[in-house]
Amino acid sequence: ASGELPPSKKKSAPTTISSLGEDLLCEVFLRLPSLPTLVRAALTCPAFLRVVRSSPKFRRRFRDLHPAPLLGVFLDIYDPGMPAFVPIRRRSDPDHAAAVRGADVFLTRVPDLEAEEEGGAEDEGEGEDEDENIGWSMTECRDGYVVLVNRTVGRIIKRVAVYDPLTRGLHLLPAPPGDPEETEVEFHVVTSDEDRRSLRVICICKERKKVRVAVFSPDSKEWQISRKAPRLKLQADDSGTLVNGCVYWATVSKADIHVLKLNTATLQFSRMDPPRHMGGREGLKVGETSDGKLCLACASELTLVVCVQRADGDGVDKWMPNRTFELVDDIDKLRLQFVDRFPCLKVVAIIGGIVYLATFQAEHPSSSGCFLSFCIETEELKEVCPITNSDSSYPYVMAWPPVLVGNKVNSRGYKGL
């Protein structure tokens, strides 16, 4: 006898994750709890990274199952000046903590232009006070990018910075076109769905009786001004929101609401039919639901009002009836500490079906507050983190990392995990 076992009794090789096919690997990765965990798993070996990078279908399914996590909140408490950052702490999730640690939330790669100018001033003498640099301040935080502007004492913009704290990708832009003394501007970063590194910066210049649009591409390295300057009136403090490639503004009068839309692909403005019964409500914000539909939200004391667009029987998006959420009991259950019995709420942003809210106390404006999240689908209110009262708050949501897109297997340039 040769001592060999018959074929039916030979031991089969153990099945390991490395021996799985790409389809099965995708099914395994879909069951991971979060985007930071997927990044760590994909970077384990080139084969895993290749599976994630080569499948747009997998990436779409993963985004649908796992909302992008909130990493923290930028607070504009030093205006003018760099924002403060409050991280989201999840002790039970080491991958989330690693993403927070890996992000350059102090924005250290953004250059100190004030120090550079001071060095030159020693030789050339002091300039006029109106031209003195007062530093960077944040104006936008969306899709993983923060937008900062560098102004003078006279509020004239000198430079614009578009920065990704996770990848350390930095774009320094020249001042936008137009008369700086008669123009208020806002900026929006438009990225590709598949690769965020492919971007354009949209600048909306609000002049007295008209609106101009300029587009900056890192490839051309200059502002391209649209020839069209429609006669639209946007107030200096009217700030738009980018949703699915369009910028929306919701302005409120005593009894009416006006919704203005800019298609960033065609640079065409249009007016939308506003939702009913939302007129007269202050603090109205524009955002999107978890499936990308347009929505509006505002808060009055401890009541949240949300209005969402949905397709009707003919497939046309229409505003649905308002939904009102009384949050008194929900806030009471969170056992938050306030000077007053109950605070007031302010809608900060609506991202992926989550309404982010900040608490404030009208009689104690300098007191600290809380940052909250409210899920429109589940109607669940959660405490996110304590915050210092500020004029502007910017939720920092982790975007899909460029390292997980494309066919080249190259993990360099990602600092998150």
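Residues numbered from 1 in each chain as written. Predicted model: local features only at pLDDT ≥ 70, side-chain atom pairs only at ≥ 80, totals over all residues. Heavy atoms only, no water.

Caption draft 1: Structural context of the overall build of the protein. Helices and strands together make up the secondary structure of the protein, namely 7 helices and 24 strands. When the 417 residues of the protein are sorted by exposure, 47% land in the buried category. (Helix = DSSP H or I, 4+ residues; strand = E, 2+ residues; numbered from the N terminus. Buried < 20%, exposed > 50% of the residue type's maximum accessible area, 1.4 Å probe, protein only.)

Caption draft 2: Region of the structure containing the nonpolar core. Ranked by internal contacts, the top residues of the largest apolar core, which has 41 residues, are Phe29, Leu38, Phe74 and Leu404. For this core, the element with the highest residue contribution is helix H2 (residues 35-42), accounting for 5 residues. Two domains each provide a minimum of three residues to this core, namely domain 1 (19-66) and domain 2 (67-109 + 131-403). Once residues within four sequence positions are removed from consideration, Phe74 is found in contact with Pro83, Ala84, Phe85, Val105, Leu107, Met138, Cys141, Val146, Ser392, Ser393, Tyr394 and Tyr396. Counting 21 residues, the second largest nonpolar core, distinct from the first, contains Ala299, Leu302, Ile350 and Ile376. (Core = buried A, V, L, I, M, F, W, Y, C linked by side-chain atoms within 4.5 Å. Domains from an automatic or database assignment. Contact = heavy atoms within 4.5 Å.)

Caption draft 3: Structural view of the pairing of strand E9 (residues 211-217). For E9, the tally of buried residues reaches 6 of 7 residues, placing the bulk of the element in the interior. Strand direction decides the pairing type here: strand E8 (residues 199-206) and E9, joined by 6 bridges, are antiparallel. Of the residues in E9, the one forming a bridge with Val201 is Phe216. Between E8 and the antiparallel strand that follows it, E9, lie 4 residues. Relative to strand E10 (residues 222-225), E9 runs antiparallel, the two sharing 4 bridges. Across the sheet, residue Ala214 finds its bridge partner in E10, namely Ile225. If you look at the hairpin formed by E9 and E10, you'll find 4 residues sitting between the two strands, and Lys221 has a positive phi there, around 60°. (Pairing = 2+ DSSP bridges.)

Caption draft 4: Just the environment of Lys285, in detail. Position of Lys285 among the secondary structure elements: in strand E15 (residues 285-288). C-alpha of Lys285 to C-alpha of Ser239: the two residues are 46 residues apart in sequence and 9.2 Å apart in space. Setting aside its immediate chain neighbours within four residues, Lys285 contacts Cys295, Leu296, Ala297, Val347, Val348 and Ile350.

Caption draft 5: How the structure looks around unusual backbone geometry. Although it is not a glycine, Leu107 sits at a positive phi angle of roughly 55°. With respect to the element layout, Leu107 can be found in the loop between helix H5 (94-102) and helix H6 (113-124). On the accessibility criterion, Leu107 (2% relative accessible area) is buried. Backbone geometry at Glu379 places phi at a positive 60°, although glycine is not the residue there. Along the chain, Glu379 falls in the loop between strand E22 (369-375) and strand E23 (381-387). Classification of Glu379 as partly exposed rests on a relative accessible area of 41%.

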